[in-house]
Amino acid sequence: MNRYKIVGILNFLFGIFGSCYSLFSIFVLIPKLNSVYQEFGAKINPVIIYLFPSFILLLGIFSMFVAWKLMREKQQKYFILGIIALVLDIVLLGLLVLASVLSILLPIYNLTS
């Protein structure tokens with residue numbers, strides 16, 4: 001395996017993980033929690049709740065696009081872009097998933113206190 005393939009596969013895996021997590025959050029988790037929040041009268045800001053999963057989805061799509069270009073064309077510019085995407089995935093994906101979980105669970109915590 002050459003370096004283009006390794007970076008492409010890693011970008012694709014991070015992209016799939018980010019996209020699946022954000023799509024699950026947007027279409028399953030957040031709507032169910034919104035009904036619970038409305039039932040208990042919790043004040044939530046839907047923009048904040050949907051903002052983080054949307055960023056994760058965009059990052060996942062970007063990573064999969066870079067992986068596709070890298071595996072198809074195997075050029076140095078896409079390799080550098082793939083390395084940048086990997087660094088962004090590692091750093092931002094962890095922070096955005098954490099922020100997303102906090103933005104979803106914080107209204108529940110506010111109900112109990």
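Residues numbered from 1 in each chain as written. Predicted model: local features only at pLDDT ≥ 70, side-chain atom pairs only at ≥ 80, totals over all residues. Heavy atoms only, no water.

Describing a nonpolar patch on the surface
Here is step 1: A cluster of nonpolar residues, Phe62, Ile80, Ile83, Ile84, Val87, Leu88, Ile90, Val91, Leu92 and Leu95, forms a patch on the protein surface that exposes about 830 Å² of accessible area.
Here is step 2: Looking at which element gives the most residues to the nonpolar patch, the answer is helix H3 (residues 76-112), with nine residues.
Here is step 3: Its place among the elements puts Ile90 in helix H3. (Patch = residues over 30% accessible without salt bridge, like charges linked within 9 Å, V, L, I, M, F, W, Y side chains within 5 Å. Areas by Shrake-Rupley, 256 points an atom, 1.4 Å probe, with all protein chains shown as cover. Salt bridge = Lys/Arg side-chain N within 4 Å of Asp/Glu carboxyl O. Helix = DSSP H or I, 4+ residues; strand = E, 2+ residues; numbered from the N terminus.)

Here's the deal with the packing of helix H2 (residues 46-73) against H3
Here is step 1: Across the interface, H2 lies against H3 with an axial gap of 9 Å and an inter-helix angle of 160 degrees. Compared by their axis directions, H2 and H3 come out roughly antiparallel. The crossing of H2 and H3 is left-handed.
Here is step 2: Counted by class, the contact of H2 with H3 contains 21 nonpolar, four polar and three charged residues. (Axes fitted to C-alpha atoms, helices over the stretch in contact; angles between N-to-C directions. Parallel < 35°, antiparallel > 145°, perpendicular 65-115°, else oblique. Left-handed = near helix turned anticlockwise from the far one by under 90°. Nonpolar A, V, L, I, M, F, W, Y, C, P; charged D, E, K, R; others polar.)

Things to note about the pattern of salt bridges
Here is step 1: For the coordinates displayed, the defined rule picks out one salt bridge.
Here is step 2: Two residues, Glu73 and Lys69, come together in a salt bridge whose shortest N-O distance is 3.0 Å. One end of the pair is Glu73 and the other is Lys69, both in helix H2 and four residues apart, which spans about a single turn.

A word on the packing of helix H1 (residues 3-40) against H3
Here is step 1: The interhelical angle for the contact between H1 and H3, taken along N-to-C directions, is 20 degrees, at an axis separation of 10 Å. Relative to H3, the element H1 is oriented roughly parallel. The chirality of how H1 crosses H3 is left-handed.
Here is step 2: Its residues assigned to classes, the contact of H1 with H3 comprises 24 nonpolar, five polar and two charged.

What about unusual backbone geometry?
Here is step 1: Even without a glycine there, the phi angle at Lys74 is positive, about 45 degrees.
Here is step 2: Note on placement: Lys74 falls in the loop between H2 and H3.

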